[in-house]
Amino acid sequence: MRRTLALLALAGASMIALAFLIPLGIIVKEIAHTRAISEAERQASALVPVLAITLDPSRLPHALASSGARDRIAVHLPGGGTVGTVRAPAATVAAVSRLTRADTVETGAGYLLLRPVALDGGRTVVVEVFVPAEELTRGVAQSWAVLAGLAVVLAAGSVLVADRLGVRMVRAARRLGRAASSLGAGDLSVRIRPEGPPELVTAAEAFNTMADRVVQLLAAEREMAADLSHRLRTPLTALRLSLDHLGPEAEQSRHSLSRLESEVDQIIAAARAPSRAPEAVSCDAAEVLRERLTFWSALAEDQQRPWELIGADAPVRVPVPAAELSAVVDALLGNVFRHTPQGTAFTVTLHQGSGTVGVLIADAGPGIPDPTAALRRGASGAGSTGLGLDIARRLAESSGGDLRIDASSLGGARVQLWFRTDTRDRTPRTTRRLVGSRWSRRNAGV
């Protein structure tokens, strides 16, 4: 913006300078030319009284020297004689002698002023004054230099004023942009001191109002999440009491219940914690997959489901928390167990590419007829809320990746969870998805 304003100011000042200074430069040149010719006419007029008194060739040189023209002035006498340095052709002098006014003749070295002087007895004397070319342009170069300097000063002043105005606007706009980026990155405490042009002051005030509203909405949402999570403790407590009466055979169920209680406690703690900018976290995706497949393998064995874990032998880092990745893997595997018949095989593949890591879960079930509809919250049907795929997608997009659904080589559906592991800025896209998800939850009454 500063560069644009400076260029606009420079263009405007240049146009104004050209519109005024070019005519002024031409006028200066014309004035110098007129001044030189006028000086020659003055010198010629100074000889008129002398010529009226005498035409003696022996006395005229002294008069010529006293005129100030020295060797640039000459007198053409009526009888054909001349006094001084003659430059004009005889034919030109003869033609001027028949005139009643002075005339100028251009030569290669300057101008010749020829003035006829009428004397008594019908005699005519022609006074010749030579005006060199340098006299015609004397002082023009200096005047043009002054005008050019004035134009430069005008342009520089315009650019400086425009730049100062641009700095004021750019500073306010950059501050607004940095605040918006910080808010998008999760810093809900950021606010702007309104300053700059009225439009940017209004934008800054609107931003502060928006940020306050976002804080209020998130606080209300956290309270709601904490309240709902807290309500789950009562049925969980009752379920634990029931499992305690079942003896050792319910040990696995009690373990799953403990994990569920731990997740609820984490949700309550996260909801009650003050909002802050997200920190850079990562986990070993291979370790998470091995751990979760160990958990799900027991159920897979009970349902006679063949399964395979591929590519999880070596550590593979992904930029997401281990707990969230575990929850997403559980949600996706839970969909496989919930929506495919018992005995349906499935595979989990960990793929590491250039700047990306993929978790691919494929099954041999009936597949997903409309993958686009499945990605919409609440559109899954069959007793499902559709939150699993939405949560998985948000986790992938938090790293700059995405979630895809297509057909698997086993004949069923394949869910591809891709994470971006390079260092590019992923905040804007993540923020848009998170905000959209929050509004979707609010509109759905969750």
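What comes next concerns the included structure.

Procedures and definitions
Residues numbered from 1 in each chain as written. Predicted model: local features only at pLDDT ≥ 70, side-chain atom pairs only at ≥ 80, totals over all residues. Heavy atoms only, no water. Helix = DSSP H or I, 4+ residues; strand = E, 2+ residues; numbered from the N terminus. Buried < 20%, exposed > 50% of the residue type's maximum accessible area, 1.4 Å probe, protein only. Contact = heavy atoms within 4.5 Å. Areas by Shrake-Rupley, 256 points an atom, 1.4 Å probe, with all protein chains shown as cover. Patch = residues over 30% accessible without salt bridge, like charges linked within 9 Å, V, L, I, M, F, W, Y side chains within 5 Å. Salt bridge = Lys/Arg side-chain N within 4 Å of Asp/Glu carboxyl O. Pairing = 2+ DSSP bridges. Axes fitted to C-alpha atoms, helices over the stretch in contact; angles between N-to-C directions. Left-handed = near helix turned anticlockwise from the far one by under 90°. Nonpolar A, V, L, I, M, F, W, Y, C, P; charged D, E, K, R; others polar. Expected span 1.5 Å × (residues − 1). Polar contact = N/O pair within 3.5 Å; in protein donor to acceptor, adjacent residues only side chain to side chain.

**Describing the overall build of the protein**
Moving on, step 1. Summing up its helical and strand segments, the protein has 14 helices and twelve strands in all.
Moving on, step 2. Expressed as a percentage of its 446 residues, the buried residues of the protein come to 34%.
Moving on, step 3. When contacts within the protein are restricted to residue pairs at least 6 apart in sequence, those whose partners lie at least 24 apart make up 64%.
Moving on, step 4. A total of about 25300 Å² of accessible surface is found on the protein, and carbon and sulfur atoms cover 59% of it.

**Topic: a nonpolar patch on the surface**
Moving on, step 1. The grouping of I16, F20, L24, I27, I31 and L154 at the surface amounts to a nonpolar patch, some 570 Å² of accessible area in total.
Moving on, step 2. Top contributing element to the nonpolar patch by residue count: helix α1 (residues 2-46), with five residues.
Moving on, step 3. Locating L154 in the fold gives a position in helix α6 (residues 140-184).

**A closer look at the sheet that holds strand β3 (residues 103-107)**
Moving on, step 1. Taken in spatial order, the five strands line up as β2-β1-β5-β4-β3 in an open sheet, and their pairing is antiparallel. The two strands at the open ends of the sheet, each matched to only one other strand, are β2 (82-84) and β3. Each strand of the sheet is rotated relative to its neighbour by a mean of 20°, with strand direction disregarded.
Moving on, step 2. In this sheet, β2 lies alongside strand β1 (residues 73-76) in antiparallel orientation, the contact comprising three bridges. Note on β2: the bridge partner recorded for H76 is T82.

**Here's the deal with the packing of helix α10 (residues 285-302) against helix α11 (residues 322-339)**
Moving on, step 1. The geometry of α10 relative to α11 is characterised by a closest axis approach of 10 Å and an angle of 35° between their N-to-C directions. In this structure, α10 crosses over α11, and the sense of that crossing is right-handed. Of α11, the residues touching α10 (which contributes A285, V288, L289, R292, L293, W296, L299 and A300) are A322, L325, S326, V329, D330, L333, G334 and F337.
Moving on, step 2. A breakdown of the residues in the contact of α10 with α11 according to their chemical character gives twelve nonpolar, two polar and two charged.

**Focus on the environment of L417**
Moving on, step 1. Within the secondary structure layout, L417 lies in strand β12 (residues 413-420).
Moving on, step 2. Along the chain, L417 and L389 lie 28 residues apart, while their C-alpha atoms are 9.8 Å from each other.
Moving on, step 3. In this structure L417 touches V328, V357, G358, V359, A392, A396, D402 and L403, once residues within four positions along its chain are discounted.

**Quick notes on α10**
Moving on, step 1. Here α10 spans 26 Å end to end across 18 residues, near enough to the 26 Å set by a 1.5 Å rise per residue.
Moving on, step 2. Burial in α10 covers these residues: A285, A286, V288, L289, R292, L293, W296, S297 and A300.
Moving on, step 3. With a side-chain oxygen lying 3.1 Å from the backbone nitrogen of A286, the N-terminal cap of α10 falls on D284.
Moving on, step 4. Two residues or fewer past α10, Q304 is found with a positive phi of approximately 55°.

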